[in-house]
Amino acid sequence: METVYENGLNLKATELRLGLPGTDNESQTQTSSPCVKNNNKRSSSEMDTEKQESVSPPPKTQVVGWPPVRSYRKNVLQQQQNNPESDGSGMFVKVSMDGAPYLRKIDLKFYKNYFDLLKALENMFKCNIGVYSEREGYNGSEFVPTYEDKDGDWMLVGDVPWDMFTTSCKRLRIMKGSEAKGLGCNL
């Protein structure tokens, strides 16, 4: 490999050439013939043996904390795990409120009676529901909680015993008092 110096410059080192770096085009052109193989390439048999020797990557594990779970759901899950009498399945129903642009979903098994349920709904939707009485219903309340039973009938929350309510409730709706006429006794 001889270097060519012209006016004190190494033109061979800065020359632009086609080919792989580190190879000498002149030596390849002199020795290249149609029957000579290029030693830089691998044969397909060499590639097959490399594939067999490589180890498959370990299976992907779930990243801790993913997917994100809200703290409310974490607390509910912990309470269900700590409570041995619960079977782990909830009775989730959708709750809508007149005038609210969103729906909520609640677990009826989380509540023990109507009072706890109504307090939770008041806190959830920031409204005043009032107290239910058998004679007057929710008389004087701005909002009235109603539910749809399995038959598709809309009834006032509190009309039936709690256990029957939890088994027959499909969804809840908090109506305006003026729209709930005809559902209760004197509404």
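Our subject in this report is the structure included herewith. Computed from a predicted model, the values in this text were never measured in an experiment.

Focus on the overall build of the protein
Then step 1. A tally of regular secondary structure across the protein gives six helices and seven strands.
Then step 2. Listing each helix as α and each strand as β along the protein from the N terminus yields β-β-α-α-α-α-β-β-α-β-β-α-β.
Then step 3. Put simply, the protein has 187 residues, and 24% of those count as buried.

Thoughts on the nonpolar core
Then step 1. Core analysis: the largest hydrophobic core is formed by 28 residues, its most contacted members being Ile106, Leu117, Leu121, Val157, Phe165, Leu172 and Ile174.
Then step 2. Elements supplying a minimum of two residues to this core: β3 (92-97), α5 (114-125), β5 (143-148), α6 (162-168) and β7 (171-176).
Then step 3. The element that contributes the greatest number of residues to this core is α5, accounting for six residues.
Then step 4. With residues up to four places along the chain from it excluded, the contact list for phenylalanine 165 reads Leu108, Tyr114, Leu117, Tyr147, Val157, Val160 and Leu172.

Quick word on the packing of aromatic side chains
Then step 1. Summed over all chains, the structure comprises six aromatic pairs.
Then step 2. Ring plane angle 90° and centroid distance 5.3 Å describe the contact between phenylalanine 110 and tyrosine 111, whose orientation is recorded as edge-to-face.
Then step 3. According to the relative accessible area criterion, tyrosine 111 is buried, its value standing at 11%.
Then step 4. Ring geometry for tryptophan 162 and phenylalanine 165: centres 5.4 Å apart, planes at 35°, overall tilted. Of this pair, tryptophan 162 and phenylalanine 165 both sit in helix α6, three residues apart, which is roughly one turn of the helix. Each member of the pair tryptophan 162 and phenylalanine 165 is classed as buried.

A word on the sheet that holds β3
Then step 1. As summarised here, the arrangement of the five strands in space is β4-β3-β7-β5-β6, forming an open sheet in which the pairing is mixed. With one partner strand each, in any of the chains shown, β4 (104-107) and β6 (154-156) form the two edges of the open sheet. On average, adjacent strands in this sheet sit at an angle of 35° to one another, irrespective of strand direction.
Then step 2. One ladder, built from three bridges, connects β5 with β6; its direction is antiparallel. Residue threonine 146 lies in a different strand from β6, and its bridge partner there is leucine 156.
Then step 3. α5 contacts β3, β4, β5 and β7 of the sheet and is inclined by roughly 155° relative to β4.

Quick look at the pattern of salt bridges
Then step 1. Scanning all chains against the criterion turns up four salt bridges.
Then step 2. Salt-bridge contacts for lysine 119 lead to glutamate 122; the nearest nitrogen and oxygen are separated by 3.4 Å. Residue lysine 119 and its partner glutamate 122 are both found in helix α5; the two are separated by three residues, about one turn of the helix.
Then step 3. Owing to a relative accessible area of 14%, glutamate 122 belongs among the buried residues under this scheme.
Then step 4. Several salt bridges converge on common partners, so that one network encompasses Glu148, Lys170 and Arg171.

Considering α5
Then step 1. For α5, which comprises twelve residues, the first-to-last C-alpha distance of 16 Å matches the rise-based estimate of 16 Å (1.5 Å per residue) to within 8%.
Then step 2. Of all the positions in α5, only Tyr114, Leu117, Leu118, Ala120, Leu121, Glu122 and Phe125 are classed as buried.
Then step 3. Against β3, β4, β5, α6 and β7 lie the buried residues of α5.
Then step 4. Where α5 begins, the capping side chain belongs to asparagine 113, and its oxygen is found 3.3 Å from the backbone nitrogen of phenylalanine 115.

A closer look at unusual backbone geometry
Then step 1. A positive phi is found at lysine 126, a non-glycine position, where the angle reads about 55°.
Then step 2. Relative to the helices and strands, lysine 126 resides in the loop between α5 and β5.
Then step 3. The exposure class of lysine 126 is exposed, given its relative accessible area of 71%.

Quick notes on the rules
Residue numbers restart at each chain and count upward from 1, following the sequence in its written direction. This being a predicted model, a pLDDT of at least 70 is required before a residue's local features are given, and a value of 80 or more before pairs of side-chain atoms are given or counted; all residues contribute to the totals for chains, interfaces and linings. Remark: hydrogens and water are excluded; side-chain values derive from all non-hydrogen atoms of the structure. Elements are defined by DSSP. Helices are runs of H or I of four residues or more, strands are runs of E of two residues or more, and each kind is numbered from the N terminus. Relative accessibility decides the category of a residue: with a 1.4 Å probe and only protein chains considered, values under 20% of the type maximum give buried, values over 50% give exposed, and everything between is partly exposed. Among buried residues, the Ala, Val, Leu, Ile, Met, Phe, Trp, Tyr and Cys ones that are joined through side-chain atoms within 4.5 Å form a nonpolar core. Two residues qualify as a contact provided that any one of their heavy atoms is within 4.5 Å of a heavy atom in the partner residue. Any Phe, Tyr or Trp ring, taking Trp's six-membered ring, that has another such ring centre within 6.5 Å forms a pair; planes under 30 degrees apart are called stacked, those over 60 apart edge-to-face, and the others tilted. The rule for pairing is simple: two strands pair if DSSP sees at least two bridges between them. Axis definition: a line fitted to C-alpha atoms, limited for helices to the stretch in contact. Angles are taken between N-to-C directions and run from 0 to 180 degrees. The term salt bridge refers to a pairing of a side-chain nitrogen on Lys or Arg with a carboxyl oxygen on Asp or Glu at a separation within 4 Å. Here the expected length of a helix is defined as 1.5 Å per residue gap, with one fewer gap than residues. For this analysis, a polar contact is any N or O atom pair within 3.5 Å, provided that within protein one partner can donate a hydrogen and the other can accept it, and provided that sequence-adjacent residues contribute only side-chain to side-chain pairs.

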